[in-house]
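# Structural overview for review
The residues making up each chain are set out below.
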Amino acid sequence: MEEQFDLIDYICVSQCIRRGVSREAEDELRRNRISHFHILYIALLYKSEGGLTLSELSTYAGMDRANATRAVADLEHLGFVRRERHKEGCKKYKIVLTETGTEIGGQTIAFMREKARALVSGLTDKEARTFFSLIKKQAAYLRANKEQI
């Protein structure tokens with residue numbers, strides 16, 4: 001692996017990807033008053049039917065409950081989400097997007113999807129699927145082993 005892995009290439013590629021996607025993405029997120037920290041939670045809620053519990057959000061995001069709680073509090077403060085009782089008389093609640101959150105979520109997800117397409121525009125469909133599959137695999141590995149890395 002060592003001879004196949006060139007640290008300089010890794011740094012150049014990662015910076016190129018970051019510069020190519022981040023600058024415009026940061027501006028778009030800032031316009032909508034959200035950060036990279038929030039976009040994952042908005043996307044998960046946007047795709048869900050009827051909202052998600054805090055526990056579900058935390059699990060799907062691959063983040064600890066404290067981060068999910070902080071993100072939900074921020075998004076509530078911005079008026080993008082609200083809490084609804086899970087069932088009558090139940091202490092659990094679901095987090096759902098407000099009308100504003102749904103609008104912002106749709107715009108932001110469309111923008112991020114456009115950026116993801118641009119990121120792989122030089123690849124074939126098969127290469128793009130492989131690229132995203134490898135990124136997902138690596139992200140799962142990093143989440144599972146964050147204490148060791």
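Below: a short report on this structure. Everything quoted here is computed from the prediction, not taken from an experiment.

This part covers the packing of helix 2 (residues 36-47) against helix 4 (residues 65-77). The interhelical angle for the contact between helix 2 and helix 4, taken along N-to-C directions, is 90°, at an axis separation of 10 Å. The pairing of helix 2 with helix 4 is recorded here as roughly perpendicular in orientation. Contact residues: helix 2 offers Phe37, His38, Tyr41 and Ile42, while helix 4 offers Asn67, Ala68, Arg70, Ala71, Asp74 and Leu75. Residue composition of the contact of helix 2 with helix 4, grouped by class: six nonpolar, two polar and two charged.

Before going further, it helps to examine a nonpolar patch on the surface. Together, Leu119, Phe132 and Ile135 make up an exposed nonpolar region whose accessible area comes to about 210 Å². Along the chain, the position of Phe132 falls in helix 6 (residues 125-144). For Phe132, a relative accessible area of 31% corresponds to the partly exposed category.

This part is about the pattern of salt bridges. Note on pairing: side chains with opposite charge can pair once their charged atoms come close. Going through the model one piece at a time under the given rule, you end up with two salt bridges. A salt bridge links Glu76 to Arg83, with the shortest nitrogen-to-oxygen separation between them at 2.9 Å.

Attention now goes to helix 2. If you check helix 2, its first and last C-alpha atoms are 17 Å apart, about what 12 residues at 1.5 Å a residue would give, namely 16 Å. Among all positions of helix 2, only His38, Ile39, Tyr41, Ile42, Leu44 and Leu45 are buried.

Conventions adopted
Residues numbered from 1 in each chain as written. Predicted model: local features only at pLDDT ≥ 70, side-chain atom pairs only at ≥ 80, totals over all residues. Heavy atoms only, no water. Axes fitted to C-alpha atoms, helices over the stretch in contact; angles between N-to-C directions. Helix = DSSP H or I, 4+ residues; strand = E, 2+ residues; numbered from the N terminus. Parallel < 35°, antiparallel > 145°, perpendicular 65-115°, else oblique. Contact = heavy atoms within 4.5 Å. Nonpolar A, V, L, I, M, F, W, Y, C, P; charged D, E, K, R; others polar. Patch = residues over 30% accessible without salt bridge, like charges linked within 9 Å, V, L, I, M, F, W, Y side chains within 5 Å. Areas by Shrake-Rupley, 256 points an atom, 1.4 Å probe, with all protein chains shown as cover. Salt bridge = Lys/Arg side-chain N within 4 Å of Asp/Glu carboxyl O. Buried < 20%, exposed > 50% of the residue type's maximum accessible area, 1.4 Å probe, protein only. Expected span 1.5 Å × (residues − 1).

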